[in-house]
Amino acid sequence: MNDQTVIQAPDVNFETPQLLRYRKLRALKDKVAEISIGMGGISVIVAITLIFFYLLYEVMPLFQPAHMSQVVEYSIPGGDETKTVYMAMEEQAEKAIRVTENGQVIFFNVQDGTVVSEHALPIPPGVTVTSFSEAGTASSLVIAGLSDGSAIIFKHSYKMTFPDDVRVITPQLEYPYGDEPVALDTSGGVIKNIALRDSESALFVVGVNSENALFSSYFAKEEDFLSGEITLEASDVTMPTLNGNVVDMQVGPDQRWLYLATSRGKVDVYDLQDHESPVLNSRVDLTKGNHQITSLELLLGGISLLVADSSGSVSQWFMVRDDNNEFTLERVRQFEHGKAAINGIAPEHRRKGFIVGDAEGYVTIFNSTAHRMLINEKVTEGEVNQLVIAPRANFLIFENGNGQLALWRVENEHPEVSWQALWEEVWYEGYQEPDYIWQSSAANNDFEPKYSLMPLAFGTLKAAFYAMLIATPLAICGALYTAYFMAPGLRRKVKPAIELMEALPTVILGFLAGLFFAPFMESHLPGVFTWLLITPLSIVLFGFVWANMPASIRHRIPDGWDPLLLLPWVTLVSWFCFEISPVIELWFFDGDMRHWLTNDLGIDFDQRNALVVGAAMGFAVIPTIFSITEDAIFSVPKHLSYGSLALGATPWQTMIRVVLPTASPGIFSAVMIGMGRAVGETMIVLMATGNTPIMDVNIFEGMRTLSANIAVEMPESEVGSSHYRILFLAAFVLFLFTFVVNTLAEYVRQRLRNKYSVI
């Protein structure tokens, strides 16, 4: 009988105090990690949400509707026995001026109508004021046409002092060109319409008498060098004979165009370039003979002509240069107000807006650039007369149908913004046709802001497209080879080196692209395209030759390390391409490829263009796409590729049929993240492009992106202004674009993941 030895396993106690403490500590660590990761994720979501609501907080005031409210109503200062021919307010909307037809000038307090001071114009006894005109929108220099055929020029100003830290505004009446009336109609006819334009070199006065005869005086200015005194030298002006009954008139600020509106609904445009002998440029029928013109005003800047008629319609016109270099008066916009006849138009002093009052007691505020009605409110039961807007557009006063003066407060902060102004073509002053333009500021106050976001959105997509066009194939193909074919030892060196590229500051890339690469590309343009064409072919040729080399030579290089041989080969090919660049340029492009592109093909060339941006941004985006793609491919389970190879598939077939579909969700995520990086890139496009907001797919033209525009203009914008908030709107658009793209990308990624998870 054999003895059988039974070896029993030793007892292991899993409940020792040490193991219990270890398990408790590990559970605590797991719980802390779970809470920390969860809080981190929630914090990211909260941060993004807060960014969203902050951008929305800054943008929402752009779309708040304008409104107005009555402040006070009082008797007309100085009495209503005589007709008011002119009213205006000063900067602070505290003092105002009223001129009556008997030549009385009354300064009064806007808030209560109390008279501050009264003056009498130096006009002969019995002579009345029959017409009135400002020297321009927001100008305090005015002219009064008189019943004896003459006119007087004066200026109202307001001196501001601060005694005992209290602001005191003192109105003053001045006569910069003397207090003697200027004779226009020597026969003594009544001046029923008058216009004045003042410039640094000349003073131009034009008037129409009751017989519809046109009179004009042109005064050249001469300034004394020592005393600064200005003297006027008159010259003869031969005015043409008018055709029709003139109801209103205006002169352009450059003293080039004279606009005469007739009772037949027509406007005659006279060219004053030769001020001694004006000629008729054109005669335009504005109302097609159906209505009479009731008011003619020039918008801020004097380029646009506003025409109101008896049907309650207002239209905007300005001179447009045609293909033959001839100027014609073109209708730009039509503003529908109502059915009542419009009594007057009051242009805003600092914006391209205007206010109209009609015969039924309505006041309406428009903005010309945005082409929108901001306010349409009934303010009185009778007519609205002598409508005046404050310089800051925050108050307006008018004579109502009750024989009183009404003061209203206006809240209208951002009239320039509308869907059309932001996203559609707009016909801006001075342009031959509607266009997408971004130009937020200029040197003068008469400038028309151009806030079209289309060129910026287009530039953002253009820069991202060319960057992705260059980066995506290089990054994905490089990741495929590195993860699947490259030797592990070489992979451990290549991947960190490429990922290290991502740490390079983009401002350095933009600096190098703008100051080195852009000029180099311009001077070696044929070489660049030769390199783009020859380099891929030369790599294929090198691979074919290397694959057909004798085995004794090929086996000297360890398997998977042979890509290192491409480095000297690509360097040699690149050197060759740029060395033959001058020869190619001489043979095919007459020695100047840039000149050939511009003159022969009609393609504009800018040194800092989309090709430069594509190369520089592509270099910045490649590490992101490469790293994520390489990780996705390398993470494909090895048993899948081994099984494919065991069934007889080649490595290339395995890559295409097995590895790529399995890794496709990760590759798609890599491309989307790279695109997000390209869309949001700032410094490279800021420094390596012409930074011009144009819409042109030409690869040799520059662009301006949303992010670069924000970086350039945000420090210069006034906090709370329309410009400031539109820049935040651009950031909001960029935020929404990224959010939508990432959401769609995640949806597609999940679909791909579900589709190929069964492999």
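All chains use their own residue numbering, which begins from 1 and follows the written sequence. Residue-level local features of this predicted model are given only where pLDDT is at least 70; pairs of side-chain atoms are given and counted only at 80 or more, and the full residue set underlies all totals for whole chains, interfaces and linings. Just so you know, side-chain values use all the structure's heavy atoms and leave hydrogens and water out.

Colleague: Summarise the overall build of the chain; cite the residues concerned and give the values.
Modeller: Strands are runs of DSSP state E lasting at least two residues, helices are runs of H or I lasting at least four, and both sets are numbered from the N terminus onward. Looking only at helices and strands, the chain features 16 helices and 31 strands. Taken over the C-alpha trace, the chain has a radius of gyration of 38 Å; the compact-globule value for 759 residues is 27 Å, which it surpasses by more than 25%. By principal-axis analysis of the C-alpha atoms, the chain measures approximately 155 × 80 × 55 Å. Per-residue accessibility, obtained with a 1.4 Å probe over protein chains only, is compared with the maximum for each type, and a residue is labelled buried under 20%, exposed over 50%, and partly exposed between these values. Out of the 759 residues belonging to the chain, those deemed buried represent 46%. For this analysis, residues touch if any pair of their heavy atoms sits within 4.5 Å. Long-range pairs, those at least 24 residues apart, make up 57% of the contacts in the chain between residues at least 6 apart in sequence. Only the protein chains shown count as cover for residues, and all accessible areas are computed by the Shrake-Rupley method using a 1.4 Å probe. Summed over all atoms, the accessible surface of the chain reaches about 38300 Å², with 58% contributed by carbon and sulfur. Charged side chains of the chain number 50 positive and 84 negative; the gap between the two group centres comes to 16 Å. It is over C-alpha atoms that the radius of gyration is taken, and the globule rule equals 2.2 Å times the number of residues to the power 0.38. Charge assignment in this entry is limited to Lys and Arg as positive and Asp and Glu as negative, and neither His nor the chain termini are counted. Charge positions come from single atoms, namely NZ of Lys, CZ of Arg, CG of Asp or CD of Glu.

Colleague: Summarise the sheet that holds strand β2 (residues 84-89); cite the residues concerned and give the values.
Modeller: The 4 strands lie next to each other as β2-β3-β4-β5, forming an open sheet whose pairing is antiparallel. Strands with a single pairing partner mark the edges of an open sheet, and in this sheet they are β2 and β5 (115-120). Each adjacent strand pair in this sheet contributes to an overall mean axis angle of 15°, direction not counted. Pairing of β2 with strand β3 (residues 95-100) involves 5 bridges; the strand directions are antiparallel. Bridged to Tyr86 within β3 is Val99. Two strands pair if DSSP finds at least two bridges between them. Helix axes are fitted to C-alpha atoms over the stretch in contact, other axes to C-alpha atoms as well, and angles between N-to-C directions run from 0 to 180 degrees.

Colleague: Tell me what's going on with the packing of aromatic side chains, and back it up with residues and numbers.
Modeller: Stacked, tilted and edge-to-face are the three classes applied to pairs of Phe, Tyr and Trp rings, where Trp contributes its six-membered ring and a pair requires centres within 6.5 Å; stacked means planes under 30 degrees apart, edge-to-face means over 60, and tilted covers the rest. Inspection of the entire model under this criterion finds 28 aromatic pairs. Taken together through their ring pairs, the aromatic side chains of Phe52, Phe53, Phe732 and Phe735 make up a single cluster. Of note, Arg491 hangs over the ring of Phe634, and the distance from its end group to the ring centre comes to 3.7 Å. Both a distance and an angle decide whether a charge sits over a ring: NZ of Lys or CZ of Arg must be within 6 Å of the ring centre and within 35 degrees of the ring normal. Taking the ring centre of Phe634 as reference, the NZ or CZ of Lys638 above it sits at 4.7 Å.

Colleague: Give a detailed account of the environment of His291, specifying residues and quantitative values.
Modeller: By secondary structure assignment, the location of His291 is in the loop between β18 (279-285) and β19 (293-298). On the accessibility criterion, His291 (32% relative accessible area) is partly exposed. Taking C-alpha positions, His291 is 78 Å from Pro496, a pair spaced 205 residues apart along the chain. Not counting the four nearest positions on each side in its chain, His291 is found in contact with Gly265, Asp309, Ser310 and Ser311.

Colleague: Give a detailed account of the packing of helix α3 (residues 454-485) against helix α11 (residues 610-634), specifying residues and quantitative values.
Modeller: For the pair α3 and α11, interaxial distance at closest approach is 6 Å and the crossing angle is 35°. As for how α3 packs across α11, the hand of that crossing is right-handed. Gly counts as polar in this scheme, as do all residues outside two lists: the nonpolar Ala, Val, Leu, Ile, Met, Phe, Trp, Tyr, Cys and Pro, and the charged Asp, Glu, Lys and Arg. Grouping the amino acids of the contact of α3 with α11 by side-chain chemistry returns 22 nonpolar, 6 polar and 2 charged. In a left-handed crossing the near helix is turned counterclockwise from the far helix by less than a right angle, and in a right-handed crossing that turn is clockwise.

Colleague: Lay out the pattern of salt bridges in plain terms, naming residues and giving numbers.
Modeller: Proximity of charged atoms lets side chains of opposite charge pair with each other. Put simply, a salt bridge is a Lys or Arg side-chain nitrogen that is within 4 Å of an Asp or Glu carboxyl oxygen. All told, the structure shown has 17 salt bridges when counted by the stated rule. Its salt-bridge partner being Lys495, residue Glu499 comes within 3.8 Å of it at the nearest N-O pair. One end of the pair is Glu499 and the other is Lys495, both in helix α4 (residues 488-501) and 4 residues apart, which spans about a single turn. The salt bridge involving Glu713 is made with Arg704; its shortest N-O contact spans 2.9 Å. Overlapping salt bridges bring together Arg491, Lys495, Glu499, Glu630 and Asp631 as one network.

Colleague: Tell me about the nonpolar core, and please be specific about residues and values.
Modeller: Put simply, a nonpolar core is a bunch of buried Ala, Val, Leu, Ile, Met, Phe, Trp, Tyr and Cys residues held in one set by side-chain atoms that sit within 4.5 Å of each other. Among the nonpolar cores identified, the biggest contains 79 residues, and Leu422, Leu453, Met617, Ile625 and Ile726 are the most heavily contacted of them. With sequence-adjacent residues up to four places away left out, Leu422 is seen in contact with Val417, Tyr451, Ser452, Leu453, Met454, Ile726 and Leu729.

Colleague: Can you tell me about helix α13 (residues 651-680), naming the residues and giving the values?
Modeller: The end-to-end C-alpha distance of α13, which contains 30 residues, comes to just 38 Å, noticeably less than the 44 Å that a straight helix rising 1.5 Å per residue would cover. Bend, in this description, refers to the angle at a residue between axes fitted to the seven residues ending there and the seven starting there. Maximal helix bending in α13 amounts to about 60°, located at Ser664; proline Pro665 follows within four positions. Under the convention used throughout, the expected extent of a helix is 1.5 Å for every residue step, that is, one less than its residue count.

Colleague: Summarise the sheet that holds strand β15 (residues 246-251); cite the residues concerned and give the values.
Modeller: Spatially, β15-β16-β17-β18 is the arrangement adopted by the 4 strands of the open sheet, whose pairing is antiparallel. Edge strands, defined here as strands with exactly one partner in the open sheet, are β15 and β18. Each neighbouring strand pair of the sheet contributes to a mean axis angle of 20°, computed without reference to strand direction. Sheet topology note: the β15/strand β16 (residues 257-262) ladder contains 5 bridges and is antiparallel. In the sheet register, Gln250 faces β16, and the bridge partner there is Tyr259.

Colleague: Tell me about the packing of α11 against α13, and name the residues and values.
Modeller: For the pair α11 and α13, the least separation of the axes is 8 Å and the interaxial angle reads 155°. Taken together, the axes of α11 and α13 are roughly antiparallel relative to one another. The hand of the α11/α13 crossing is right-handed. Only Val659, Ala663, Gly666, Ile667, Ala670, Ile673, Gly674, Arg677 and Ala678 of α13 make contact with α11, whose side of the interface consists of Met617, Ala620, Val621, Thr624, Ile625, Ile628, Thr629, Ala632 and Ile633. Between 65 and 115 degrees an angle is taken as roughly perpendicular, under 35 as roughly parallel, over 145 as roughly antiparallel, and anywhere else as oblique.

Colleague: Can you explain a negative patch on the surface? Please cite residues and give values.
Modeller: The patch calculation keeps residues exceeding 30% relative accessible area without a salt bridge and links them within 9 Å when they carry like charges or within 5 Å when they are nonpolar (Val, Leu, Ile, Met, Phe, Trp, Tyr). Taken together, the side chains of Glu424, Glu425, Glu433 and Asp435 present a region of like negative charge at the surface. Here Glu424 shows up in the loop between α2 (419-423) and β30 (438-439).

Colleague: Quick rundown of helix α6 (residues 525-547)? Include the residues and the values.
Modeller: In this model, α6 (23 residues) spans 34 Å end to end at C-alpha, consistent with the 33 Å of a helix rising 1.5 Å per residue. Of the positions making up α6, those classed as buried are Leu525, Pro526, Gly527, Val528, Thr530, Thr535, Ser538, Phe542 and Trp546. Those residues of α6 that are buried lie in contact with α5 (506-523), α7 (551-554), α8 (566-579), α9 (581-588), α10 (593-599) and α11.

Colleague: So what about unusual backbone geometry? Which residues, and what values?
Modeller: Glycine aside, residues mostly have negative phi, and peptide bonds are mostly found in the trans state. The backbone of Gln255 sits at a positive phi, close to 55°, despite the residue not being glycine. Secondary-structure assignment places Gln255 in the loop between β15 and β16. For Gln255, a relative accessible area of 11% puts it in the buried group. Of note in this structure, Asp590 is not a glycine but carries a positive phi near 55°. Within the secondary structure, Asp590 sits in the loop between α9 and α10.

Colleague: Describe in detail a nonpolar patch on the surface, supporting the description with residues and values.
Modeller: A cluster of nonpolar side chains, contributed by Leu504, Val507, Ile508, Phe511, Leu512, Leu515 and Phe619, occupies part of the molecular surface with about 590 Å² of accessible area. Here the nonpolar patch takes 5 residues from α5, the largest share from any one element. In this fold, Leu512 is placed in helix α5. Residue Leu512 is classed as partly exposed on the basis of its relative accessible area of 43%.

Colleague: Account for the side chain of Thr530, naming residues and giving values.
Modeller: One can find Thr530 in helix α6. Apart from residues lying up to four places away in sequence, Thr530 is in contact with Thr535, Cys577, Ile580 and Ile584.

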